[in-house]
Amino acid sequence: MDTEKKRALEGDVMSKMIAIYCRGNKHRGRTCTPQDADALCPDCRRLRDYALDRVAGCPRMEIKTFCSVCPVHCYSRDMREQIRAVMRYSGPRMLLHHPFMTIHHMWLDHQARKRARKEMHA
Ligand SMILES: [Zn+2]
């Protein structure tokens with residue numbers, strides 16, 4: 001998988017996770033229909049823009065897989081806390097909403113971890 005494809009997928013996964021989080025917690029005071037997937041509350045929109053910015057500017061996209069396994073923390077402390085909450089909430093739910101994408105993501109993740117371990121012991 002090439003770097004730009006990986007970058008696009010990471011951004012996509014991030015957006016979806018934040019959307020699930022926002023909707024699930026009824027930040028907008030109601031349950032959005034799936035068509036409103038992008039109708040984020042202002043806070044979540046800010047978080048998503050921030051996350052997508054990090055993904056777009058990530059210098060390690062080539063060697064790492066995804067931000068969730070990256071040893072370099074490019075998120076500010078504040079944003080990291082928020083994105084952690086999102087991951088905790090949306091991680092398990094992703095499998096339900098976007099099973100194929102999640103399994104694909106998990107598989108790539110697994111490959112990267114395996115590679116990283118090998119490098120460490122080389
Ligand atoms: Zn929200």
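Visitor: Explanation requested: the overall build of the chain in the structure shown.
Guide: A tally of regular secondary structure across the chain gives four helices and zero strands. Helices and strands appear in the chain in the N-to-C order α-α-α-α. Counting the 122 residues in the chain, one finds 21% classified as buried.

Visitor: Which parts of the structure should I look at to understand the nonpolar core?
Guide: Within soluble globular proteins, side chains that are nonpolar generally end up buried alongside one another. With 15 residues, the main nonpolar core has Met14, Met17, Ile18, Tyr21, Cys22 and Cys44 as its most contacted residues. At the level of elements, helix 1 (3-24), helix 2 (42-57) and helix 3 (77-97) are the ones that each hand at least two residues to this core. Counting residues per element, this core draws most heavily on helix 1, at eight residues. Contacts of Tyr21, omitting those with residues within four sequence positions, involve Cys44, Val86, Tyr89 and Ser90.

Quick notes on the rules
Here the residue numbering is sequential within each chain, running from 1 through the sequence in written order. A pLDDT threshold of at least 70 governs which residues receive local features in this predicted model, and a stricter bar of 80 or more applies before side-chain atom pairs are shown or counted, although totals over entire chains, interfaces and linings include all residues. Note on conventions: DSSP H or I runs of at least 4 residues are helices, E runs of at least 2 residues are strands, and numbering of each starts at the N terminus. Exposure classes come from backbone-placed C-beta atoms, where a residue is buried if 20 or more other C-beta atoms lie within 10 Å of its own, exposed if 12 or fewer do, and partly exposed in between. The nonpolar core is taken to be a set of buried Ala, Val, Leu, Ile, Met, Phe, Trp, Tyr and Cys residues joined by way of C-beta atoms within 7 Å. Any residue pair is listed as a contact if its two C-beta atoms, each placed from the backbone, are within 7 Å.

Everything listed here is a matter of geometry and, on its own, says nothing about what the molecule does.
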